Amino acid sequence: MKQLKIGLLGLGQVGKGVYSILRSKRADLARKCGTSLRIVKIAVRNPAKRRGVRPSRHQLTADAHQVVRDPSVDVVVELIGGINPAKELIREALRTNKDVVTANKALLAEHGRQLFREAQKRGRHLLFEASVGGGIPVIKVVREGLIANRIRSIRSIINGTSNYILTQMSKSHLDFKEALALAREKGYAEADPTLDVEGTDAAHKLTILASLVFGGWIRFRDIYVDGISRIRSEDISFAEEFGYAIKLLAIAKKTPSGVEAQVRPTLLPKSHVLSSVNGSYNAVLMSGDEVGEILLYGRGAGSLPTGSAVVSDLADLARMRLGGIHHPFHMDFRSLPVRNVALLSSRYYLRFHVVDQPGVLAKISHVLGRHQVSISDVIQKEQRIGGVVPLILLTHRASERALRRAIHRINQLTVTRGKAQVLRIEDDPPPTVSVRRHGG
Ligand SMILES: NC(=O)c1ccc[n+]([C@@H]2O[C@H](COP(=O)([O-])OP(=O)(O)OC[C@H]3O[C@@H](n4cnc5c(N)ncnc54)[C@H](OP(=O)(O)O)[C@@H]3O)[C@@H](O)[C@H]2O)c1
């Protein structure tokens, strides 16, 4: 039987998943692929480290270049992470005519265009199923199952850490810090959670997915990114009172004037299918012109789910080699313009802390009105903390630029304390006006 000889770079979380799956499913995969998938070399930083899986001593090396240069290796699987040396190792692998599989979303989002061009030039495959949505085969669905479609929009929850934290804040009434501590305890958050909670990781994934789906290249730096660290537990409860859940949504839409692409905490109606995606789960909802709406749901991270996605790329490579297919998947490298978020419009959730005196709502709504922002719903709480009460407004659709100008003015009013909370609402159509007064 033919063999696909694999050089593995990294035997951490994902590397161990790949290693275990290739061992436990060896016969099964060989039968399904008509080729046996065999790891011949593995590079790690520290070969002496105990890691729960036990490759043979002659498989392990601390020199990743040795793996990449090994002439017996057909495919290099990059699971080191970060930009360098991962980028140089991938380029070297492509230059020496090897196919490459990677899970490295940060690298692809920031340098993917250069790497895909290099692969195309050399007639090599650069596959990346595990880089978006972990175990969810979203890349394959877009490339194969949805090939007949123009995808018009992507709405997704693609950072499990943030989703876990928001779920804990909602279900267990924890504040952000407590929920983050719990996420760390359960292994859902890294020691430094910044990339996850500030939205960067989701934006990396959105860059890759939207570039693939919209047939052009979207620059990571053009995506508007805002994270969840400024969400307070009161925002979760107020949103719930209005019938919404707060989710870190990664959205991309193709419009005639450019792509809209943003990652930000967003209010979603509780009836929306993405509102029930809880815990560390991910989901991607796409709308295609032929198929309509399609939802993918599953584990967006973790050793075995992500390993499963890497192995699916390896199986594809094995089958393509067996069938003599050397034509890499089509990638389009034209730059796609991304619209400035200030030019977009939406409905908004606004939370102010205001002094408890008559006329405050009138003052705030006057400023909003002067900026063409109209109010659709109000909750005024009578719960005083230091003479200050929360005032929550939902707006009708308004321009983001106008809203920002209004908020800047409102933050300067003598009746407001601290900065307003501003969150986007994703729903259509907006409800009619109603004003409610609630006791504390
Ligand atoms: N973890 C997930 O759930 C997940 C999900 C989707 C995508 N990803 C992506 O998958 C990639 C790997 O993530 P991970 O969580 O598996 O990382 P990890 O647990 O930190 O593992 C990294 C591995 O790379 C090795 N390594 C680091 N620098 C090296 C070098 N210069 N030469 C050789 N080996 C080196 C490390 O060796 P030592 O073990 O000796 O230190 C370790 O085995 C990242 O791009 C990540 O974004 C991860």
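Criteria and thresholds
Residues numbered from 1 in each chain as written. Predicted model: local features only at pLDDT ≥ 70, side-chain atom pairs only at ≥ 80, totals over all residues. Heavy atoms only, no water. Helix = DSSP H or I, 4+ residues; strand = E, 2+ residues; numbered from the N terminus. Rg over C-alpha atoms; globule rule 2.2 N^0.38 Å. Buried < 20%, exposed > 50% of the residue type's maximum accessible area, 1.4 Å probe, protein only. Areas by Shrake-Rupley, 256 points an atom, 1.4 Å probe, with all protein chains shown as cover. Salt bridge = Lys/Arg side-chain N within 4 Å of Asp/Glu carboxyl O. Near = heavy atom within 4 Å. Polar contact = N/O pair within 3.5 Å; in protein donor to acceptor, adjacent residues only side chain to side chain. Nonpolar A, V, L, I, M, F, W, Y, C, P; charged D, E, K, R; others polar. Pairing = 2+ DSSP bridges. Contact = heavy atoms within 4.5 Å. Axes fitted to C-alpha atoms, helices over the stretch in contact; angles between N-to-C directions. Domains from an automatic or database assignment.

### As for the overall build of the protein
Now for step 1: Counting its secondary structure elements, the protein contains 14 helices and 18 strands.
Now for step 2: Its C-alpha atoms give the protein a radius of gyration of 24 Å, within 12% of the compact-globule value 22 Å for 440 residues.
Now for step 3: Taken along its principal axes, the extent of the C-alpha atoms in the protein is 80 × 45 × 35 Å.
Now for step 4: Classification of the 440 residues of the protein by burial places 56% in the buried group.
Now for step 5: For the protein, the accessible area works out to roughly 19,400 Å², and carbon and sulfur atoms hold 50% of it.

### With respect to the pattern of salt bridges
Now for step 1: Tallied over the full model, the rule gives 25 salt bridges.
Now for step 2: Of the charged contacts, one joins Arg122 and Glu118 as a salt bridge, the two residues approaching to 3.5 Å between their closest N and O atoms. In this pair, Arg122 and Glu118 both sit in helix 5 (residues 105-122), 4 residues apart, roughly one turn of the helix.
Now for step 3: Take Arg122: its relative accessible area is 31%, and that puts it in the partly exposed class.
Now for step 4: For Glu118, a relative accessible area of 8% translates into the label buried.
Now for step 5: Residues Asp226 and Arg230 are paired through a salt bridge, measuring 2.5 Å at the closest nitrogen-oxygen approach.
Now for step 6: The exposure class assigned to Asp226 is buried, which follows from its relative accessible area of 16%.
Now for step 7: With a relative accessible area of 28%, Arg230 lands in the partly exposed category.
Now for step 8: Each of Asp74, Asp99, Arg124 and Arg321 takes part in salt bridges that share partners, so that together they form one network.

### Observations concerning the site of the ligand
Now for step 1: Lining the immediate surroundings of the ligand are 22 residues, of which Leu11, Val14, Asn46, Arg51 and Gly302 lie closest.
Now for step 2: The separation between an oxygen atom of the ligand and a polar main-chain atom of Arg45 is 3.0 Å.
Now for step 3: Protein coverage of the free-state accessible area of the ligand, which is 910 Å², stands at 80%.
Now for step 4: When its residues are assigned to classes, the shell around the ligand shows 10 nonpolar, 8 polar and 4 charged.

### Concerning the sheet that holds strand 4 (residues 75-78)
Now for step 1: The strand order across the open sheet formed by 6 strands is 3-2-1-4-5-6, and the pairing between neighbours is parallel. Every other strand in the sheet has two partners, leaving strand 3 (60-61) and strand 6 (126-127) as the edge strands with one partner each.
Now for step 2: With respect to the sheet, helix 4 (residues 86-95) is in contact with strand 1 (2-9), strand 4, strand 5 (99-102) and strand 6, its orientation differing from that of strand 5 by roughly 155°.

### Here we look at the domain arrangement of the protein
Now for step 1: In terms of domains, the protein is made up of domain 1 (2-133 + 303-322), domain 2 (138-299) and domain 3 (344-438).
Now for step 2: A straight line from the C-alpha centre of domain 1 to that of domain 3 covers 51 Å.

### Some thoughts on the environment of Ser72
Now for step 1: One can find Ser72 in the loop between helix 3 (64-69) and strand 4.
Now for step 2: Along the backbone, Ser72 and Val40 are 32 residues apart, and their C-alpha atoms lie at a distance of 8.2 Å.
Now for step 3: Those residues in contact with Ser72, other than ones at most four positions away along the chain, are Lys5 and Val40.

### Thoughts on the pairing of strand 10 (residues 258-269)
Now for step 1: Burial analysis of strand 10 places 12 of its 12 residues in the buried class, which makes it a mostly covered element.
Now for step 2: Sheet topology note: the strand 8 (residues 224-225)/strand 10 ladder contains 2 bridges and is parallel. Bridging from a neighbouring strand, Val225 pairs with Val263 of strand 10.
Now for step 3: The pairing of strand 9 (residues 244-255) with strand 10 spans 12 bridges and is antiparallel. Within the sheet, the bridge partner assigned to Tyr244 lies in strand 10 and is Pro269.
Now for step 4: Between the end of strand 9 and the start of strand 10, which pair antiparallel, lie 2 residues.
Now for step 5: Of the pairings in the sheet, the one linking strand 10 to strand 17 (residues 416-425) comprises 2 bridges and is parallel in character.

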